[in-house]
Amino acid sequence: GGGQYLEDGASVDRRLFEKHLATEAIRAGAELMLDTRVIGLAKDKEAVRGVIVKSGSKVETIRSLVVIGADGVSSNVARLAGLPVPRRMVVSGMGYEFIGVRQIQPRPPSVENCTPLHISPGISLYVIPRGRDRFGVEFGVLVHDLKGKVSFRDLWGRCKRHLEDTGRYNFS
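Before going into details, it helps to say that this report is about the structure given with it.

Reading the values: the criteria
Residues numbered from 1 in each chain as written. Predicted model: local features only at pLDDT ≥ 70, side-chain atom pairs only at ≥ 80, totals over all residues. Heavy atoms only, no water. Helix = DSSP H or I, 4+ residues; strand = E, 2+ residues; numbered from the N terminus. Buried < 20%, exposed > 50% of the residue type's maximum accessible area, 1.4 Å probe, protein only. Contact = heavy atoms within 4.5 Å. Areas by Shrake-Rupley, 256 points an atom, 1.4 Å probe, with all protein chains shown as cover. Pairing = 2+ DSSP bridges. Axes fitted to C-alpha atoms, helices over the stretch in contact; angles between N-to-C directions. Core = buried A, V, L, I, M, F, W, Y, C linked by side-chain atoms within 4.5 Å. Salt bridge = Lys/Arg side-chain N within 4 Å of Asp/Glu carboxyl O. Expected span 1.5 Å × (residues − 1).

**Side note on the overall build of the chain**
Right, on to step 1. When you go through the chain residue by residue, the secondary structure sums to three helices and 10 strands.
Right, on to step 2. Reading the secondary structure of the chain in the N-to-C direction produces β-α-β-β-β-α-β-β-β-β-β-α-β.
Right, on to step 3. Here the chain, with 172 residues, has 26% of them falling under the buried criterion.
Right, on to step 4. Of the contacts formed within the chain by residues at least 6 apart in sequence, a portion of 50% connects residues at least 24 apart.
Right, on to step 5. Total accessible area computed for the chain in this model is approximately 11,700 Å², and 54% of it derives from carbon and sulfur atoms.

**Structural notes on the sheet that holds strand 4 (residues 58-63)**
Right, on to step 1. Ordered by their spatial adjacency, three strands build an open sheet running 2-3-4, and the pairing between neighbours is antiparallel. Looking at which strands have only one partner, the edges of the open sheet turn out to be strand 2 (37-43) and strand 4. Sheet twist, expressed as the average angle between the axes of neighbouring strands with direction ignored, equals 25°.
Right, on to step 2. Relative to strand 4, strand 3 (residues 48-55) runs antiparallel, the two sharing six bridges. Among the inter-strand pairings, valine 51 is bridged to a residue of strand 4, identified as isoleucine 62.

**Quick look at the pairing of strand 7 (residues 111-114)**
Right, on to step 1. Residues of strand 7 alternate between two faces, with Val111 and Asn113 on one and Glu112 and Cys114 on the opposite face, all of them buried.
Right, on to step 2. Inspection of the sheet shows strand 7 paired to strand 8 (residues 123-129) by three bridges, in the antiparallel sense. Pairing of asparagine 113 across the sheet is with tyrosine 126, part of strand 8.

**Notes on the nonpolar core**
Right, on to step 1. Counting 17 residues, the largest nonpolar core has Leu125, Val137, Phe139, Cys159, Leu163, Tyr169 and Phe171 as the members making the most contacts within it.
Right, on to step 2. Mapped by element, the contributors of at least two residues to this core are strand 8, strand 9 (134-142) and helix 3 (152-165).
Right, on to step 3. In this view, cysteine 159 contacts Ile119, Ile123, Leu125 and Phe139; residues no more than four positions away in its chain are not counted.

**Quick notes on the pattern of salt bridges**
Right, on to step 1. With the rule as written, the count across this model stands at eight salt bridges.
Right, on to step 2. Linking glutamate 24 and arginine 27 is a salt bridge whose minimum nitrogen-to-oxygen distance equals 2.8 Å. Here the residue glutamate 24 and the residue arginine 27 both occupy positions in helix 1 (residues 14-27), the gap between them amounting to three residues, near one helical turn.
Right, on to step 3. A relative accessible area of 64% places arginine 27 in the exposed class.

**Section: helix 1**
Right, on to step 1. Between its first and last C-alpha atoms helix 1 spans 20 Å; for 14 residues at 1.5 Å apiece the expected length is 20 Å, and the two agree.
Right, on to step 2. Two residues or fewer after helix 1 comes glycine 29, characterised by a positive phi angle close to 110°.

Spelled out as structure tokens, the structure:
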């Protein structure tokens, strides 16, 4: 039930970070395309020259000098380009932000990291203070270590119960 406290830890608020990236890209001349996904790559004999995207029923080719596959570790863009996509070390996870959490055993502002292996092999659980009664709670798990059919919702419930069972947090 114990955890490691990282007083110099940090966490990125993905909502704010991604909004900032989008804002800066637009300022630099990019066009923001919502509800649009890459379905193919525009190639010639020598190289990738753009992407083929689908938005609703509309399909179009967008030519570019560079294609950046910033779509995660299981990158669809990398797969379409024929690049290797890691299978064994893929970490997936989720997180929530809670407001109104009571920290029963107050600690100095620090990131709490624990590995409650009874929840699932290869899991890491983080509690990130973001204010007096506001905490980010995130977990990551090695996908290949998941046994049987287990949903992220189930894992999330187990993580939350673990944190309450330690006697340090009350999410009710």
